[in-house]
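# Tertiary structure, described
Take a look at the letters that make up each chain.
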Amino acid sequence: MRSIAGRSLRSDDTGLALTKLAPVAPRFANSMSALLTSRCCAGLLAAACVGVFCGFVFSGVAAADTAADRRENSAGQILAESTDDDPYRYGTHDMLMLMPGGPIHLRLMITNGGQSLEGTRQSYLEQLSTILDQDGDGKVSRDEAGDHPLFVTSTRFQGNQFLRSLRSRRPFSKRELELAVDRAAGQLVTYRQNNALAEQDMSVFNVLDQDGSGMIDRAEMRLAAARIADRDLDFDQCVTFDEFLDQAAPAMAGVVVNTITDEPPGSVHAEMLRNASEPVLPARLLRTYDEDGDRQLSFDELGWTEARGKAFDQNSDGRLSLRELATISAGEPDLTFAVDVAQSSSGALKIVEHSEANRSLKGDISIQNDVIRIRNELFNLSISYRYRDPVAEAEVNASNAFNQIDLDANGYLDRDEIAEHQRFERYLFDAMDRDKDDRVFADEMMQYVREYTEPASTTCQVTLMDSGNGFFQVLDENADGRISIRELRACEQNLIRVTPTDQAQIDPKSMMASYRIEIKRGGTSLFGRVDRPTIDSPEAFLAPPVGPIWFQRMDRNGDGDLTWDEFLGSRETFHQLDHDRDNLIDKNEASLASKLDG
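Rules used in this analysis
- Residues numbered from 1 in each chain as written.
- Predicted model: local features only at pLDDT ≥ 70, side-chain atom pairs only at ≥ 80, totals over all residues.
- Heavy atoms only, no water.
- Buried < 20%, exposed > 50% of the residue type's maximum accessible area, 1.4 Å probe, protein only.
- Helix = DSSP H or I, 4+ residues; strand = E, 2+ residues; numbered from the N terminus.
- Pairing = 2+ DSSP bridges.
- Core = buried A, V, L, I, M, F, W, Y, C linked by side-chain atoms within 4.5 Å.
- Contact = heavy atoms within 4.5 Å.
- Axes fitted to C-alpha atoms, helices over the stretch in contact; angles between N-to-C directions.
- pLDDT = per-residue confidence, 0-100.
- Polar contact = N/O pair within 3.5 Å; in protein donor to acceptor, adjacent residues only side chain to side chain.
- Phe/Tyr/Trp six-rings, centres within 6.5 Å; stacked < 30°, edge-to-face > 60°.
- Lys NZ or Arg CZ within 6 Å of the ring centre and 35° of its normal.
- Expected span 1.5 Å × (residues − 1).
- Arc of directions from axis to C-beta.
- Left-handed = near helix turned anticlockwise from the far one by under 90°.

### Brief notes about the pairing of strand β16 (residues 379-385)
Look at any regular strand and the pattern is simple: side chains alternate between the two faces of the sheet. Among the seven residues of β16, seven are classified as buried, and the element is accordingly described as predominantly covered. Here β16 shows no split at all, with Phe379, Leu381, Ile383 and Tyr385 on one side and Asn380, Ser382 and Ser384 on the other all buried. Where strand β15 (residues 371-375) meets β16, five bridges bridge the pair, whose relative direction is antiparallel. In the strand pairing of β16, Arg375 is matched with Asn380. Following β15, the chain reverses through three residues before pairing antiparallel with β16. Pairing between β16 and strand β22 (residues 513-521): seven bridges, direction parallel. The partner of Phe379 across the bridge, within β22, is Ala513.

Right under this line is the structure:
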């Protein structure tokens, strides 16, 4: 179902960190020393059963949600902390989300570790030119760039003097270097759409609808936590989206069943989320919202207030033509938010400004745990940020491919092993084999992959996910792709919250459409797709580890809370650290213990 890479418990580091907590819990250090030497393995193997899982769900009272740090001005705008004294470190990218009630203008301010994406791309180009210019003459010749992945050409030129003579001998111009990087990295911001979650969201409803009536009544809401806990098939005390899906019946012994498993659908070109500066956007707006077919859009058709519409209505006729619609991107956005795509810790996503001139965006807007939530009468929208290291991601992907192709496990690839891999046979093998010994070692592959992937670090990917009726989204409060114990305790209240005020049950037909926008750095891969946010990879949404080191290493499922099963100390110490008595130790309680220790 899921795995936590790099979260193995090391007894030496954990023991050292926990020993420092002795002044807070007198018997904490002694008990931990014994546990880490004689019972560490047993603690790791003690997986929580469903009964214990449910016990944690219903024991104690869930701690109150931490309020987001934000402040409101007199105009009702939500202002984040100052993004930076230098506005040029942020690049501005406008997009329109074509919602049923009217388009929503979103302005995304992106920085990549202190530079705009344009600045990051320019810095990469300067660094690339310096690396390739081996003789230091200020020019990049064809021979100097010949071994770099961005400039590798077909092997038909090798050994053919006539073909080699046809190639240009002049150095690469700055424009040619820019085009080579653009081909490898793509646009600075790409917009994608994924509809896989919408197709499977009814599986969540079916689990909650115990009697199969097509409705979720109050009695089923009370039992929802237990029903969901029963789906924890891997006993990690978290329920992922794919655990709601119906499991295939086990095959009979001795019977061979031939099946064809379709690859889960990935992200496709976005239809609902568009670049606000694209030339065909006005025509797309007409096609989407022109209800009366007059080739113009009224303010009502756009879901705008009259004051906002007049700002674009140049001839004051109360309707917007194609020419007037082309100026929308220059107007004030409905929501402005900023993100640092190089930041791995929390706080990377911030709301800068919110306008209520668009009726479609009126409602409750909040931010918590790097997730912006918008709830109104028409839809639920969440905007989240996920840290991504495209180079490290591609290296893992390439390492897996290397191990699969290296059939004899001798540490290198030869031409016999790549015979069935057309892409390798066509050009990758010769491109990676820089010493021309007819073998590709792991180091050669990794160097090629790093150089090939580095340009992707200068890009950003914005993916719109259609969550269908949003039953899973209602239960997954922190939008990490899993329902934790803390969220299970709150699921009854969350279901009641989305129940219509004049009804005592939930009809899926009355549920609002739910969407999610995920922002992350771009990525690329030579060996299969690594950027697919599907139901089969819930770990893709996990937030970076938080809290003290000992807390991170004990939190084996990465949900940000320690249960008694995960805690490697005594029961007395657990209760001493659990200040709110909810039978969970969160990062704040863990940090407080470390601060008291000094």
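Read on, since the account is not over.
### Regarding the nonpolar core
Counting residues in each nonpolar core, the largest one holds 34 residues, and the members touching the most others are Met97, Leu273, Phe337, Ile372, Val462 and Ile517. Setting aside residues up to four positions removed in sequence, Phe337 forms contacts with Met95, Leu106, Arg107, Leu108, Met109, Leu349, Lys350, Ile351, Val352, Ile372, Ile383 and Ile519. Counting 27 residues, the second largest nonpolar core, distinct from the first, contains Phe471, Val498, Ile506 and Met511.

### Focus on the sheet that holds strand β12 (residues 335-340)
Through backbone hydrogen bonds, the strands of a sheet pair up, either in parallel or in antiparallel fashion. An order of β9-β3-β4-β12-β13 is seen for the five strands of this open sheet, with the pairing classed as mixed. Among the strands making up the open sheet, the edge pair consists of β9 (273-275) and β13 (349-354). Each neighbouring strand pair of the sheet contributes to a mean axis angle of 30°, computed without reference to strand direction. Of the pairings in the sheet, the one linking strand β4 (residues 102-111) to β12 comprises six bridges and is parallel in character. Following the sheet pairing, Leu106 is matched in β12 by Leu335.

### Things to note about the confidence of the model for the chain
Low-confidence regions, as indicated by low pLDDT, have predicted coordinates that should not be scrutinised in detail. The share of residues in the chain with pLDDT of 70 or more is 73%, and the mean pLDDT across the chain is 77. Below pLDDT 50 for its whole length, residues 1-85 participates in 162 contacts with residues either more than four positions away or in separate chains. Confidence drops under pLDDT 50 across residues 529-540; counting only partners more than four residues distant or on other chains, this segment forms 38 contacts.

### Considering the pairing of β15
Counting buried positions over the five residues of β15 gives four, a clear majority of the element. Where strand β14 (residues 364-368) and β15 come together, five bridges link them in antiparallel fashion. Across the sheet, Asp364 pairs through a bridge with Arg375, a residue of β15. Remark: two residues form the turn of the hairpin made by β14 and β15, two consecutive strands paired antiparallel; Asn369 in that turn has positive phi of roughly 55°.

### Some points on the environment of Asp232
Mapped onto the elements of the fold, Asp232 is located in the loop between α11 (224-229) and β7 (239-240). Given the relative accessible area of 2%, Asp232 is considered buried. Among the polar contacts listed, one links the side chain of Asp232 to the backbone nitrogen of Asp236, at a separation of 3.3 Å. A polar contact is formed between the side chain of Asp232 and the backbone nitrogen of Gln237, at a distance of 3.0 Å.

### A look at the packing of aromatic side chains
Taken as a whole, this structure holds nine aromatic pairs when the rule is applied. When the ring of Phe205 is compared with that of Phe471, the centres are 5.2 Å apart and the planes differ by 45°; the resulting orientation is tilted. Here the residue Phe205 occupies a position in helix α9 (residues 202-208), and Phe471 occupies one in helix α19 (residues 471-475), the gap between them amounting to 266 residues. One exposure class covers both Phe205 and Phe471, and it is buried. Grouping aromatic residues by their ring pairs yields a cluster made of Trp564, Phe567 and Phe574. Sitting over the face of the ring of Trp304, Arg308 holds its NZ or CZ atom 4.4 Å from the ring centroid.

### Section: unusual backbone geometry
A positive phi angle, near 55°, is found at Lys436, a position not held by glycine. On the basis of relative accessibility, which here comes to 53%, the residue Lys436 falls in the exposed class. The backbone of Asn583 shows a phi angle near 60°, a positive value even though the residue is not glycine. Structurally, Asn583 can be placed in the loop between α23 (571-577) and β24 (585-586).

### Thoughts on helix α16 (residues 390-405)
When the terminal C-alpha atoms of α16 are compared, their 22 Å separation across 16 residues agrees well with the 22 Å that a helix rising 1.5 Å per residue should span. Buried within α16 we find Pro390, Val391, Ala394, Asn397, Ala398, Ala401, Phe402 and Ile405. One side of α16 carries all its buried residues, which in axial view fall inside an arc of 140°. Away from the buried face of α16 by more than 90 degrees, exposed residues Val396, Asn403 and Gln404 are located.

### Quick word on the packing of helix α4 (residues 117-132) against helix α7 (residues 174-185)
Two elements in contact, α4 and α7, have axes separated by 11 Å at closest approach and are oriented at 115°. Here α4 runs over α7; the crossing is right-handed. Contacts from Arg121, Gln122, Tyr124, Leu125, Leu128 and Ser129 of α4 reach α7 at Lys174, Leu177, Glu178, Val181, Asp182 and Ala185.

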